[in-house]
Amino acid sequence: MTLHEKKGKLSSELILRPGHFGLGIVPKKKKPDRTTNMICGFCSTGCSLKVHIKNGEAVNLTPTSKYPVNLGMACPKGWEALTPLYSEDRATQPLLINKSGELAPISWHKALSEFTQNFKAVQRKHGMESVAFISTGQIPTEEMAYLGALAKFGMGLTHGDGNTRQCMATSVVAYKESFGFDSPPYTYQDFEESDTVVLIGSNLCIAHPIMWQRVMRNKNNPEIIVVDPRRTETAMASTQHYAITPKSDLKFLYAIAHALIEKNWIDPEFIKNSTVGFQEFKAFLKNYSPESVSHDCGITVKNIYHLAKTIHKGKNVSLWWTMGVNQSYEGVRTAQAIINLALMTGNIGRPGTGANSITGQCNAMGSRLFSNTTSLLGGHSFENPEHRKKVASILEIDPSLIPHKPSWPYHKIIEGIESGKIKGLWILATNTAHSWIHQNQFTDLRKKLDFLVVQDMYPNTETARIADLVLPAAGWGEKEGTFINSERRIACIKQVKKAPGQALSDFRIFKLISEYWGCSELFKKWKSPEDTFKILTQLTKDQPCDITSIKDYKQIDSLGGIQWPYNKNTPHDDPQRRLFEDGKFFHSDQKAKFIFEKPKPLAEAIINNFPFQMLTGRGTSSQWHTQTRTSKSEILKKLYPKDVYFEINPEDAKKLEIKNNEWVEVNSKRATIKARAFYTYIVKSGQIFMPMHYPHVNKLTHPSYDPYSHQPSYKACAVNLRKIN
Ligand SMILES: Nc1nc2c(c(=O)[nH]1)N[C@H]1C(S)=C(S)[C@@H](COP(=O)(O)OP(=O)(O)OC[C@H]3O[C@@H](n4cnc5c(=O)[nH]c(N)nc54)[C@H](O)[C@@H]3O)O[C@H]1N2
Ligand SMILES: Nc1nc2c(c(=O)[nH]1)N[C@H]1C(S)=C(S)[C@@H](COP(=O)(O)OP(=O)(O)OC[C@H]3O[C@@H](n4cnc5c(=O)[nH]c(N)nc54)[C@H](O)[C@@H]3O)O[C@H]1N2
Ligand code: SF4
Ligand SMILES: [Mo]
């Protein structure tokens, strides 16, 4: 089968419903003793899966039919969620680098002693801040909070960040600045209640297939508008596709705002009552008429007005964005340009509306509130003495243990390795050596570290292979806790299988580390994930994310997940709740802010030697990130191309005499790799697209970042293509 055929086949296989038992797990067809419902451990949609259990072990699963998120549906990854747990290459014992430079098995006692001795030695030699951690949006909130608290209050670390920096940091900053708190306002019901759904830099059909199903269930015959340089599967199913020039979103969105004002298609009442800064924004927009940006965006003036008119005609317009916006050198202002459109047209706080950032990983939203990295537990601030006092008092710890400054973001930690400031690194539940931008830099820098610990389900990830110490972790399905999905819904995961060999849950590993480090006293109340969850609910008191009325896991299960906030003031118990229904935001004046800035040029423009713009992102709905989990399923493997490939417009390929499926050299200023050419009109001439799931892609990407969120600009670098012979 050619790549083309494989991809074509894929779109028709995207969604599998209950009753489709083609995708099962090993072992199957056993009648279960019981079933239990839990949230899927891949994407942030947060589908509920009913796991079938026999003799205490998971034997199969089906999507939960009555859950308000997925309504009985799951995508291929969800159906195959148990398979990666049974894979033979699971990490089953701790491994330590030996004299011959090989990772060799050791006992947990030895592993924990090595962890403690080595990191303490680094701190003694290079200072307390010289050990850092890099974590994830893929472990339960309780584990995330334990890690952040252990690292900062127990081990005395200052710097730690999550892979969520690669993903959600832009939205976090955009919301904080515009609304006063990191607060995606929507509920998934909005997908069905909109009459106009605008998706910006979001390939919902591939990356969030069940959210896409919610759009498909919309009975209003909605306009579906896609703003994406590529004619993606989502764009193909849209009613209007704006194939803008990559990274011209900011100008494009300003031109839409300009047109809305020019035609008086705005909501003055909402602007007056609920926002500040509109007059300044209006003055700023004078320079961004559709005529003046049309050329740069690659969209005709007529079409820019057409989109503005469509937004005006819509009664309930929802605007959604994902990585095409966030992963940009000017992502924060772009996200805020989307927020501005919702504010000026009054499309927020009502059913079917909103300025809605879609999250990526299963618990990225838990990490946003509780990772204790750039913000203090519960969405508090490290710099604020009142916040430190409050958190210390709830945790019953000495306030002086809480650092007075937030962590460095991910790229500063990496730069810290380069400058010799970071000498010890603990990486968990993320695969930095594959997913981090400008990957060669990280692998080179690794040599500068005195001690690298990797905590993962598998000992053979690109990052685990270069570690000094590997700690074997239990995965989703082998432990308990909660995730928070994109629509702020808190839901439970359960233990439905024993972890293999000596692998332990991250929670248990943190507990053991706190004992070996000598700080277990701080965590005496953190006995189990559920005890920890109860402490975390207290930390949210009086915050916009206040969930002090959630009692326990049982209540969460019985209500079909609970969206934050949930407290004595929560107006109703409806399973679908959205924010800002009263037109009041989280800033002290209760108003949302119009925030804007002059667009900047691309960090790496295409030039003669590197004439193609390379975009990256998700390839298929059956591949997950660096593929440590999805590559374990023989079924999922059938749904995507084996070899690394790039999409190329056939006209460009023909000019370069590149044949379909041919191996080609792709080079950027940083590296040269080989990949197969995949002919498709999905990409325009002058662009190529490479999926992130293959280990080569980030050798090419250019390390540039948004200045406010520090999110890497994964979606634009300049490359050249060369025939191999
Ligand atoms: N199957 C699958 N699903 C996933 C994941 C996965 O690995 N596999 N990962 C999850 C995670 S963590 C995340 S963050 C989400 C990501 O979900 P998405 O953001 O939807 O996925 P991407 O493919 O990264 O990027 C979306 C689109 O951005 C477009 N784009 C590139 N440059 C620009 C630009 O300048 N402007 C605009 N408007 N668009 C641009 C790309 O062409 C691409 O189609 O997916 C989640 N879901
Ligand atoms: N070029 C390019 N690069 C990108 C992107 C892009 O669009 N383009 N997208 C970026 C984005 S949005 C993201 S989110 C990142 C994702 O990048 P990563 O976070 O590196 O990707 P994953 O493959 O999900 O890595 C998760 C790791 O955690 C392990 N793991 C899973 N569950 C557990 C657990 O419970 N405990 C422990 N200890 N380990 C566990 C898995 O085996 C795996 O090794 O990639 C980023 N990189
Ligand atoms: S859409 Fe996301 S949460 Fe739902 S089954 Fe697929 S991977 Fe899991
Ligand atoms: Mo992500």
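Residues numbered from 1 in each chain as written. Chains lettered and ligands numbered in written order. Predicted model: local features only at pLDDT ≥ 70, side-chain atom pairs only at ≥ 80, totals over all residues. Heavy atoms only, no water.

**Regarding the site of ligand 1**
Taken together, the neighbourhood of ligand 1 is formed by 31 residues, with Ala207, Asp228, Lys247, Asp249 and Gln623 sitting nearest. At 2.7 Å from an oxygen atom of ligand 1 is found a side-chain nitrogen or oxygen belonging to aspartate 228. Within the side chain of lysine 247, one N or O atom sits 2.6 Å away from an oxygen atom of ligand 1. Taking 910 Å² as the accessible area of ligand 1 by itself, protein coverage stands at 100%. Within the residue set of the shell around ligand 1, elements represented by two or more residues are helix 7 (204-207) and helix 15 (323-326). Here the residues of the shell around ligand 1 are counted per class, giving 9 nonpolar, 15 polar and 7 charged. Of the residues that make up the shell around ligand 1, three or more belong to each of domain 3 (169-358) and domain 4 (612-723). (Near = heavy atom within 4 Å. Polar contact = N/O pair within 3.5 Å; in protein donor to acceptor, adjacent residues only side chain to side chain. Areas by Shrake-Rupley, 256 points an atom, 1.4 Å probe, with all protein chains shown as cover. Helix = DSSP H or I, 4+ residues; strand = E, 2+ residues; numbered from the N terminus. Nonpolar A, V, L, I, M, F, W, Y, C, P; charged D, E, K, R; others polar. Domains from an automatic or database assignment.)

**Examining the pattern of salt bridges**
Proximity of charged atoms lets side chains of opposite charge pair with each other. Throughout the structure, instances matching the rule amount to 33 salt bridges. Of the charged contacts in the structure, one is a salt bridge between aspartate 161 and arginine 165, with a shortest N-O distance of 2.6 Å. Arginine 165 carries the same exposure label as aspartate 161, and that label is buried. Between arginine 217 and glutamate 192 there is a salt bridge whose closest N-O contact spans 3.5 Å. Remark: glutamate 192 occurs in helix 6 (residues 189-193) and arginine 217 occurs in the loop between helix 8 (209-216) and strand 9 (223-227); sequence separation between them is 25 residues. Owing to a relative accessible area of 38%, arginine 217 belongs among the partly exposed residues under this scheme. (Salt bridge = Lys/Arg side-chain N within 4 Å of Asp/Glu carboxyl O. Buried < 20%, exposed > 50% of the residue type's maximum accessible area, 1.4 Å probe, protein only.)

**Here we look at empty space enclosed by the protein**
Empty space among the atoms becomes visible once a probe the size of a water molecule is rolled across them. Within the structure shown, the criterion is met by 9 cavities of 30 Å³ or more. Its volume calculated, the largest cavity comes out at about 610 Å³. In terms of lining, the largest cavity is formed by 42 residues, of which the most central are Gln138, Asn163, Ala429, Trp624 and His625. By residue class, the composition of the lining of the largest cavity is 17 nonpolar, 19 polar and 6 charged. There is about 480 Å³ of room inside the second largest cavity. The wall of the second largest cavity is formed by 34 residues, among which Gly201, Asn203, Met323, Arg618 and Lys715 lie closest to the centre. (1 Å grid on protein atoms, 1.4 Å probe; cavity = no way out; pocket = protein on both sides within 12 Å on 5 of 7 lines; lining within 4 Å. Points joined across faces, edges and corners; volume = space filled by probe spheres on them.)

**Some words on the nonpolar core**
Phe115, Phe252, Met344, Trp426 and Trp564 are the most contacted members of the largest nonpolar core, which totals 121 residues. No fewer than three residues from each of domain 2 (95-165 + 364-389 + 398-483 + 492-527) and domain 3 (169-358) sit in this core. Filtering out sequence-adjacent residues up to four positions away, methionine 344 remains in contact with Ala257, Leu260, Ile261, Ile266, Asp267, Ile271, Phe278, Phe281 and Phe594. One finds Cys43, Leu61, Leu204 and Trp624 within the second-largest nonpolar core, a separate group that totals 41 residues. (Core = buried A, V, L, I, M, F, W, Y, C linked by side-chain atoms within 4.5 Å. Contact = heavy atoms within 4.5 Å.)

**Quick look at unusual backbone geometry**
Note that the residue after tryptophan 564, namely proline 565, is joined by a cis bond; omega there is 0 degrees. Backbone geometry places histidine 710, a non-glycine residue, at a positive phi of 60 degrees. Mapped onto the elements of the fold, histidine 710 is located in the loop between helix 27 (697-700) and strand 26 (717-723). Accessibility expressed as a relative area gives 21% for histidine 710, which makes it partly exposed.

**Quick notes on the sheet that holds strand 21 (residues 612-617)**
A barrel is described by the order of its strands in space; here 6 strands give the closed sequence 21-25-22-24-23-26, paired in mixed fashion. In this sheet, neighbouring strand axes are inclined to one another by 45 degrees on average, regardless of whether the strands run parallel or antiparallel. Here 5 bridges tie strand 23 (residues 663-667) to strand 24 (residues 672-679), and the two strands are oriented antiparallel to one another. Bridge pairing in strand 24 links valine 664 to alanine 675. (Pairing = 2+ DSSP bridges. Axes fitted to C-alpha atoms, helices over the stretch in contact; angles between N-to-C directions.)

**Looking at the domain arrangement of the chain**
Domain parsing of the chain yields domain 1 (24-86), domain 2 (95-165 + 364-389 + 398-483 + 492-527), domain 3 (169-358) and domain 4 (612-723). Each of domain 2 and domain 4 has a C-alpha centre, and these two points are 30 Å apart. Here domain 2 and domain 4 share 0 salt bridges between them. Remark: the boundary between domain 2 and domain 4 carries 16 residue pairs in polar contact (both at pLDDT 80 or more). When the residues that make up the side of domain 2 that touches domain 4 are grouped by side-chain class, the tally is 5 nonpolar, 9 polar and 2 charged.

**A few points about the site of ligand 2**
Close contacts around ligand 2 come from 33 residues, with Gln138, Asn163, Ser435, Asp456 and Thr626 the closest. Between glutamine 138 and ligand 2, the recorded distance is 2.7 Å, taken from a side-chain N or O atom to an oxygen atom. Note that a nitrogen atom of ligand 2 is positioned 2.8 Å from one of the side-chain N or O atoms of aspartate 506. Expressed as a share of its isolated accessible area of 920 Å², the protein-covered part of ligand 2 is 99%.

**Concerning the confidence of the model for the chain**
Scored by pLDDT, the chain has a mean of 94; 96% of the residues are at 70 or more. When the criterion is pLDDT under 50, residues 1-27 qualifies, and its contacts beyond four places in sequence or with other chains add up to 67 contacts. (pLDDT = per-residue confidence, 0-100.)

**Describing the environment of alanine 364**
Mapped onto the fold, alanine 364 is located in helix 17 (residues 364-370). With relative accessibility at 0%, the residue alanine 364 sits in the buried group. Spatially, the C-alpha atom of alanine 364 lies 24 Å from that of leucine 61, the residues being 303 residues apart in sequence. Those residues in contact with alanine 364 that sit more than four places away from it in its chain are Gly137, Thr164, Met168 and Thr359.

**Details of the packing of aromatic side chains**
Two descriptors summarise a pair of aromatic rings, namely the distance from one centre to the other and the angle between the planes of the rings. All chains considered together, the criterion is met by 38 aromatic pairs. Seen from their ring centres, phenylalanine 42 and tryptophan 624 are 5.5 Å apart, and the 70 degrees between their planes marks the pair as edge-to-face. Taken together, the positions of phenylalanine 42 in the loop between strand 1 (34-39) and strand 2 (48-54) and tryptophan 624 in the loop between strand 21 and helix 25 (634-637) put the pair 582 residues apart, joining distant regions of the chain. Ring centres of tyrosine 254 and phenylalanine 281 lie 6.2 Å apart, and the angle between their planes is 65 degrees; on these two criteria the pair is classed as edge-to-face. Of this pair, tyrosine 254 sits in helix 10 (residues 249-262) while phenylalanine 281 is found in helix 12 (residues 278-284), placing the two residues 27 residues apart along the sequence. Classification of phenylalanine 281 by relative accessible area gives buried; the value is 1%. Ring pairing ties together the aromatic residues Phe115, Phe119, Tyr146, Trp426, Phe451, Phe507, Phe510, Trp517, Phe523 and Trp526, which thus form one cluster. Over the ring of phenylalanine 689 we find arginine 230, and its NZ or CZ is 3.5 Å from the ring centre. Sitting above the plane of the tryptophan 564 ring, arginine 488 keeps its charged end 5.5 Å from the centroid. (Phe/Tyr/Trp six-rings, centres within 6.5 Å; stacked < 30°, edge-to-face > 60°. Lys NZ or Arg CZ within 6 Å of the ring centre and 35° of its normal.)

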